[in-house]
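Here is how the chains run, residue by residue.
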Number of protein chains: 2
Amino acid sequence: MVDAPGTPIALHRLPEVLTAEPARLRALSHLRRFRREQDIYVQEERTDTWYRVVSGAACKYLMRTDGRRQLVDIYLPGDLFGFTARLLHRFAVQAVAEGTLIACYPRHRVEALAEEDAETALEIRIQIVEALERLQEQLLVTTTMTAQEKVREFLFYFHRRLSTGTGNGLALPISRYDIADILGISAETVCRAFTDLQERGVISLLGPRRIRINRR
Amino acid sequence: MVDAPGTPIALHRLPEVLTAEPARLRALSHLRRFRREQDIYVQEERTDTWYRVVSGAACKYLMRTDGRRQLVDIYLPGDLFGFTARLLHRFAVQAVAEGTLIACYPRHRVEALAEEDAETALEIRIQIVEALERLQEQLLVTTTMTAQEKVREFLFYFHRRLSTGTGNGLALPISRYDIADILGISAETVCRAFTDLQERGVISLLGPRRIRINRR
DNA sequence: CGCCCAATTGAACTGCATCAAGATTCGTGG
DNA sequence: CCACGAATCTTGATGCAGTTCAATTGGGCG
């Protein structure tokens, strides 16, 4: 246990993603850094905090009775998560990338702010709706596409969300197994899809965790 | 075209589902009745209205390039839908039951009300979050379960949402094809699951659209 | 009563999971 | 800096759940 859960981080050097949110909302947050597979919150935990990914990636998941982990959503920099209508969390969220940085907001203070500040209320509503639409897109992907189409769609999505414009390809923050769990297919099938897509010239594998997208 | 799209309905005899919402929100609504497969709103339509199912059922769907209809969510009495962060709708919503009754809310007036009335803002946030959680459950169902488990889970969900306590079984408002599209399986597989579940004694088929749930 | 759509059943095919065995990469400590 | 071990990633072979195509039955409504 090198890192205690959610080590607090100094607030200087604010990453760019945080500067986009309203200052009054940002003032309520504090930052924590998480290791890979470290839980940000767990099932049955009280829903008294909201979170936003600053850097890295996190995923919402459920432990199945057979011991396997089922992913329901994946959060990338800028995404707000942790809100619910319940008292206790139905799903857990853990970091999938090493050193994932998370901004934490005390729920009651955010809701109090939303009650008096319409801009904050709108920002929250937009974030929740965006989570909803991400989920709809994912549902569309997992129910209608073949395994290869799922992987292709997933890579395009990551490219849209993460491309830095540096041109040395796209760095995937997550493993094949994570990708498989998100798409509802096996890790082996993900591998085969990667190689097939490369043979078709759609992508180039620069390394296991680094790819280039050639064409859509 | 017997019925023009969204025939207005008199406001007397308000169904029970509407009495639960805040009076100030209800005051903004007007009712419309829809026929089976009639669109409530379509893709690319402006997102200037929100809706709530009063009776019957509706589904959110997308027309695929191969002409097939892909369902993303299903709305039952009490569910609020139509909100988005976009200017235009990405998905369409149509009635799946004959004579589905929908309450319509002008978006700008609801948002203006939400801005000054914290209770309304909270009600909206809760509804959106509930849509989100429905979708997460559905994602879990479609990605992890076998076809027969999906159908069983679907029937139990409908039972929870629609059971009237009359005891003559559960009336399904939608066709096998609709069920298949929601669960991401073929209609034939849905049929086979129905008969298998009956043979196992889990359900009884009283008619094509009427079942009884015997045990879980 | 007869038509039409919905529901059901059957048979052959296929994409993906699963099991198994290597190949690479990465982190860790010497 | 290098070497070792443990993940992670890749590739192959087999089996099966579910799709697809096709035909038949059944119900509801004019």
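What counts, and at which threshold
- Residues numbered from 1 in each chain as written.
- Chains lettered and ligands numbered in written order.
- Predicted model: local features only at pLDDT ≥ 70, side-chain atom pairs only at ≥ 80, totals over all residues.
- Heavy atoms only, no water.
- Near = heavy atom within 4 Å.
- Polar contact = N/O pair within 3.5 Å; in protein donor to acceptor, adjacent residues only side chain to side chain.
- Helix = DSSP H or I, 4+ residues; strand = E, 2+ residues; numbered from the N terminus.
- Nonpolar A, V, L, I, M, F, W, Y, C, P; charged D, E, K, R; others polar.
- Buried < 20%, exposed > 50% of the residue type's maximum accessible area, 1.4 Å probe, protein only.
- Contact = heavy atoms within 4.5 Å.
- Core = buried A, V, L, I, M, F, W, Y, C linked by side-chain atoms within 4.5 Å.
- Expected span 1.5 Å × (residues − 1).
- Arc of directions from axis to C-beta.
- Pairing = 2+ DSSP bridges.
- Axes fitted to C-alpha atoms, helices over the stretch in contact; angles between N-to-C directions.

Draft legend 1. Structural context of the protein's contact with DNA strand C. The environment of DNA strand C is made up of 19 residues, and the closest members are A:Ala147, A:Ile185, A:Thr189, B:Arg176 and B:Thr195. Near-protein atoms of DNA strand C (within 4 Å) split between backbone and bases, with sugar and phosphate holding 65%. The contact in question runs from a phosphate oxygen of DNA strand C to an N or O atom on the backbone of A:Ala147, over 2.7 Å. One nitrogen or oxygen atom from the side chain of B:Arg176 is found 2.7 Å from a phosphate oxygen belonging to DNA strand C. At four residues, the largest contribution of residues to the surface near DNA strand C is made by helix H7 (residues 187-199) of chain B. Taken together, the residues of the surface near DNA strand C break down into six nonpolar, six polar and seven charged.

Draft legend 2. Focus on the protein's contact with DNA strand D. Neighbouring DNA strand D are 18 residues; A:Arg176, A:Thr195, A:Arg209, B:Ala147 and B:Thr189 lie closest to it. Protein-adjacent atoms of DNA strand D, using a 4 Å cutoff, are sugar or phosphate at a proportion of 56%. At 3.0 Å, a side-chain N or O of A:Arg36 approaches a phosphate oxygen of DNA strand D. Residue B:Thr189 places a side-chain N or O atom 2.4 Å away from a phosphate oxygen belonging to DNA strand D. When residues of the surface near DNA strand D are assigned to their parent elements, the largest contribution, four residues, is made by helix H7 (residues 187-199) of chain A. Of the residues contributing to the surface near DNA strand D, the split by class is five nonpolar, six polar and seven charged.

Draft legend 3. Spotlight on the side chain of B:Asp178. All names here are of chain B. Residue placement: Asp-178 occurs in helix H6 (residues 176-183). By relative accessible area, Asp-178 is classed as buried at 5%. At a separation of 2.4 Å, a polar atom in the side chain of Asp-178 contacts the side chain of Arg-69. Not counting residues up to four positions away in its chain, the partners in contact with Asp-178 are Arg-69, Leu-71 and Val-96.

Draft legend 4. Representation of the environment of B:Tyr105. All names here are of chain B. With respect to the helices and strands, Tyr-105 occurs in strand E9 (residues 100-106). Residues Tyr-105 and Leu-132, 27 residues apart in the sequence, show an inter-C-alpha distance of 20 Å. Here Arg-52 takes part through its side chain, which lies 3.2 Å from a polar atom of the side chain of Tyr-105.

Draft legend 5. Main features of the nonpolar core. Grouped together as the largest cluster of nonpolar side chains are 50 residues, with contacts concentrated most on A:Phe83, A:Tyr105, B:Phe83 and B:Tyr105. When contributions to this core are tallied by element, the ones reaching two or more residues are strand E4 (49-55), strand E9 (100-106), helix H3 (107-116) and helix H4 (118-144) of chain A together with strand E4 (49-55), E9, helix H3 (107-116) and helix H4 (118-144) of chain B. Discounting chain neighbours no more than four positions away, the residues touching A:Phe83 are A:Trp50, A:Gln127, A:Ile128, A:Ala131, B:Val129 and B:Leu132. Membership of the second largest hydrophobic core comes to 33 residues, among which are A:Phe156, A:Phe158, A:Ile179 and A:Val190.

Draft legend 6. Up close: H7(B). Residues and elements named next belong to chain B. In a regular helix each residue adds 1.5 Å, so 13 residues correspond to 18 Å; H7 covers 19 Å between its end C-alpha atoms and thus fits that length. Every buried residue of H7 is accounted for by Ala-187, Val-190, Ala-193, Phe-194 and Leu-197. Buried residues in H7, looked at end-on, bunch into an arc of 110°, giving them a common side. Set apart from the buried face of H7 by more than 90 degrees, the exposed residues are Arg-192 and Glu-199. Looking one or two places after H7, you find Gly-201, whose phi comes out positive at around 85°.

Draft legend 7. Focus on the sheet that holds strand E11 (residues 203-207) of chain B. Residue and element names in this part refer to chain B. Taken together, three strands build an open sheet; the order of strands is E10-E12-E11 and the sheet is antiparallel. Unpaired on one side and paired on the other, strand E10 (170-171) and E11 mark the two borders of the sheet. With two bridges connecting them, E10 and strand E12 (residues 210-213) associate as antiparallel partners. Opposite Ala-171, over in E12, you have Arg-210 as the bridge partner. Lying over the sheet, H7 contacts E11 and E12, oriented at roughly 120° with respect to E11.

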